[in-house]
Amino acid sequence: MEIVAIVGSLRKESYNLKIAKFIKDRYKDKLNIEILIPDLPIFNEDIEKDPPVEVIDFKEKIKNAEGVLIVSPEYNHSIPGGLKNALDWCSRGDRVLAKKPVFIVGASNGNVGTARSQMDLRTVLNSPGLNAFVLPSNLVLIPNVQTLFNEKDEFVDERTIKYLDKVVDNFIDWRMKMS
Ligand SMILES: Cc1cc2nc3c(=O)[nH]c(=O)nc-3n(C[C@H](O)[C@H](O)[C@H](O)COP(=O)(O)O)c2cc1C
């Protein structure tokens, strides 16, 4: 299944990026994942009819994917601005997330592992402009992420890995029932 993974952090050493890479590698027999880091110009209605080339490319990749994974930290109890901006672009013109199957993973160094931002993310994805189909339940919350990598910088949290195994299978089953 062709999937794009949108990472909500632009940071080079982002834990969420590392987890996206972990997911890409661990489930490579089931999902072919292309990782996107949306460092896009700020959405502006004045330019939406003639958007920047990065926006066109980003939306095209989502359009062609069979599903989308969002892997994002929480910023100030909500969605990081860069990710929200990318979603705003997707909500206009060619609405590439409409009816697109999506699942969500989030890691933070706080104790609630992006719970608040994931609730906001689900609300935004459910808006009429986006109208994405988000895998119900299956909340992958990864708290205290800075403690979950070994000295080789490998993600080693068995509890999350076991749960991810289930969530990926749940996503695939649910996605298959849709088509
Ligand atoms: C602007 C900003 C706001 C943050 N707000 C939160 C927050 O609300 N909740 C939380 O658990 N962590 C918060 N953090 C800490 C992040 O969880 C931590 O920096 C994490 O490593 C970011 O993800 P990344 O490693 O993928 O870049 C915040 C970090 C930044 C830079």
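Structure first, text after, so check above.
Attention in this report is confined to the structure presented alongside it. Each residue is numbered by its place in its chain's sequence as written, counting from 1. Thresholds applied to this predicted model are a pLDDT of at least 70 for local features of residues and 80 or more for the giving and counting of side-chain atom pairs; totals over whole chains, interfaces and linings are not thresholded and use all residues. Side-chain calculation: all heavy atoms of the structure are included, whereas hydrogens and water are not.

## Structural notes on the pairing of strand E4 (residues 101-107)
Next, step 1: Most of E4 sits inside the fold, with seven of its seven residues counted as buried.
Next, step 2: Judged by which residues are buried, E4 turns out to be covered on both faces: Pro101, Phe103, Val105 and Ala107 on one side and Val102, Ile104 and Gly106 on the other are all buried.
Next, step 3: Each pair of strands is called paired provided DSSP finds at least two bridges between the two strands. In this text, helices come from DSSP runs of H or I with a minimum length of four residues, and strands from runs of E with a minimum of two, each type numbered from the N-terminal end. Bridge count between strand E3 (residues 67-71) and E4: four bridges; the pairing is parallel. Within E4, the residue paired with Ile70 across the bridge is Ile104.
Next, step 4: Here E4 pairs with strand E5 (residues 133-134) via two bridges, running parallel. Considered in E5, the bridge of Pro101 is made with Phe133.
Next, step 5: Both E4 and strand E6 (residues 140-142) contribute to a ladder of three bridges, which runs parallel. Within E6, the residue paired with Gly106 across the bridge is Leu141. Remark: exposure states derive from per-residue accessible area (1.4 Å probe, protein chains only) relative to the maximum for the residue type, with buried under 20%, exposed over 50%, and partly exposed in between.

## Section: the packing of aromatic side chains
Next, step 1: Each aromatic pair joins two rings of Phe, Tyr and Trp (for Trp, the six-membered one) with centres within 6.5 Å, and gets the label stacked for planes under 30 degrees apart, edge-to-face for over 60, and tilted for any other angle. This structure, assessed with the given rule, holds six aromatic pairs.
Next, step 2: Ring geometry for Phe22 versus Phe155: centroids 5.3 Å apart, planes at 70°, classification edge-to-face. With Phe22 in helix H1 (residues 15-26) and Phe155 in the loop between E6 and helix H5 (158-178), this pair connects stretches of sequence that are 133 residues apart. Each member of the pair, Phe22 as well as Phe155, carries the same accessibility label: buried.
Next, step 3: Between Phe171 and Trp174, the aromatic rings sit 5.9 Å apart at their centres with planes inclined by 45°, giving tilted as the arrangement. Of the two residues, Phe171 and Trp174 both sit in helix H5, three residues apart, roughly one turn of that helix.
Next, step 4: Each member of the aromatic cluster is reached from another via a ring pair, and the members are Tyr15, Phe22, Phe149 and Phe155.
Next, step 5: One Lys or Arg, Lys18, reaches over the ring of Phe149 and ends 5.8 Å from the middle of that ring. We call a charge positioned above a ring when the Lys NZ or Arg CZ atom is no farther than 6 Å from the ring centre and deviates by at most 35 degrees from the ring normal.

## Some details on the site of the ligand
Next, step 1: Lining the immediate environment of the ligand, one finds 14 residues, of which Ser9, Arg11, Ser14, Asn16 and His77 sit closest.
Next, step 2: Two N or O atoms count as a polar contact when they lie within 3.5 Å, although within protein this holds only if one can serve as hydrogen donor and the other as acceptor, and sequence-adjacent residues are included solely when both atoms are side-chain atoms. Backbone polar atom of Asn76 to a nitrogen atom of the ligand: 2.8 Å apart, as the coordinates give it.
Next, step 3: With respect to the ligand, the backbone of His77 contributes an N or O atom lying 2.8 Å from an oxygen atom.
Next, step 4: Where accessible areas are quoted, they stem from the Shrake-Rupley method and a 1.4 Å probe; at the residue level, only the protein chains shown are allowed to cover. Notes on the ligand: free accessible area 610 Å², of which the protein chains cover 75%.
Next, step 5: Side-chain classes are defined by residue name, with Ala, Val, Leu, Ile, Met, Phe, Trp, Tyr, Cys and Pro counting as nonpolar, Asp, Glu, Lys and Arg as charged, and the others, Gly among them, as polar. In terms of residue class, the shell around the ligand is made up of three nonpolar, eight polar and three charged. Note on terminology: near, applied to a residue and a molecule or strand, indicates that one of the residue's heavy atoms is within 4 Å of it.

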